[in-house]
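# Tertiary structure, described
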Amino acid sequence: MKTYCECHGHIFMNGADYREGMAAHKNGPDLSLIRTHLAACRNSGIAYFRDGGDPLGVSLAAREIAAEYGIRYVTPAFAIHRKGRYGGIVGFGYESLSEYRQLLDRARRDGADFIKLMFSGILGFSQYGEIS
């Protein structure tokens, strides 16, 4: 079987409805659901998963068990964005440099593998260079 890399996924999302994905983890990461997603990744040949983060701790929980599925899993824990700008569904916002530093410290404490800093919107696919 060929192996693949998922280079920008969000394990907490369900691929169909963002609100349902969030609701599934409202009381903490749903390990059963995470295991279902990891098994689907394994069965599709995914051996590396680079998560884009989430505000619920789901990607951190997934990283803890991903090796059981033969998946190397990395996550920023959550994305960092300017308050009022794009990124709120996958992380936390800052207004001041002090708040930004606090989020960096939190990511470090949470064990982030890298920092995800949101500075643009969603890329459009109908017009080259279009960003929301």
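For the structure itself, consult the block above.
Residues numbered from 1 in each chain as written. Predicted model: local features only at pLDDT ≥ 70, side-chain atom pairs only at ≥ 80, totals over all residues. Heavy atoms only, no water.

## Focus on the sheet that holds strand β2 (residues 46-51)
- Read across the open sheet, the three strands follow the order β1-β2-β3; overall the sheet is parallel. The open sheet terminates on both sides in strands that have one partner only, identified here as β1 (4-9) and β3 (72-74). Sheet twist, expressed as the mean angle between neighbouring strand axes with direction ignored, is 10°.
- Here β1 runs beside β2; their pairing, made up of four bridges, is parallel. Bridge assignment links E6 to a residue of β2, and that residue is F49. (Pairing = 2+ DSSP bridges. Helix = DSSP H or I, 4+ residues; strand = E, 2+ residues; numbered from the N terminus. Axes fitted to C-alpha atoms, helices over the stretch in contact; angles between N-to-C directions.)

## Section: the pairing of β2
- Judged from the three bridges that link them, β2 and β3 form a sheet pairing that is parallel. Within β3, the residue paired with F49 across the bridge is Y73.
- For the handedness criterion, the β-α-β arrangement of β2, helix α3 (residues 58-65) and β3 is classed as right-handed. (Right-handed = clockwise from strand over helix to strand, strands pointing away.)

## Quick word on the environment of F78
- By the element assignment, F78 lies in the loop between β3 and β4 (79-82).
- Given a relative accessible area of 2%, F78 falls into the buried group.
- In this structure, the C-alpha to C-alpha distance between F78 and S98, residues 20 residues apart in sequence, is 18 Å.
- Residues within four places of F78 in sequence aside, it is in contact with G53, D54, V90, G91, F92, L103, R106, A107, D110 and K116. (Buried < 20%, exposed > 50% of the residue type's maximum accessible area, 1.4 Å probe, protein only. Contact = heavy atoms within 4.5 Å.)

## A short note on the sheet that holds β4
- Read across the sheet, three strands follow the order β5-β4-β6 without closing on themselves; strand pairing throughout is parallel. Bordering the open sheet on either side are β5 (91-94) and β6 (116-117), each of which pairs with just one other strand.
- As paired strands, β4 and β6 are joined by two bridges and run parallel to one another. Directly across from I80, in β6, lies its bridge partner L117.
- In the packing of helix α4 (residues 97-110) onto the sheet, contacts are made with β4, β5 and β6, and the angle to β5 comes to roughly 155°.

## Thoughts on the pattern of salt bridges
- Counted by the stated rule, this structure contains six salt bridges.
- For the salt bridge of R63 with E64, the shortest nitrogen-to-oxygen distance reads 4.0 Å.
- Taking the relative accessible area as the measure of exposure, E64 reaches 59% and is therefore exposed.
- Shared partners join several salt bridges into a network, and the residues in it are R63, E64 and D113. (Salt bridge = Lys/Arg side-chain N within 4 Å of Asp/Glu carboxyl O.)

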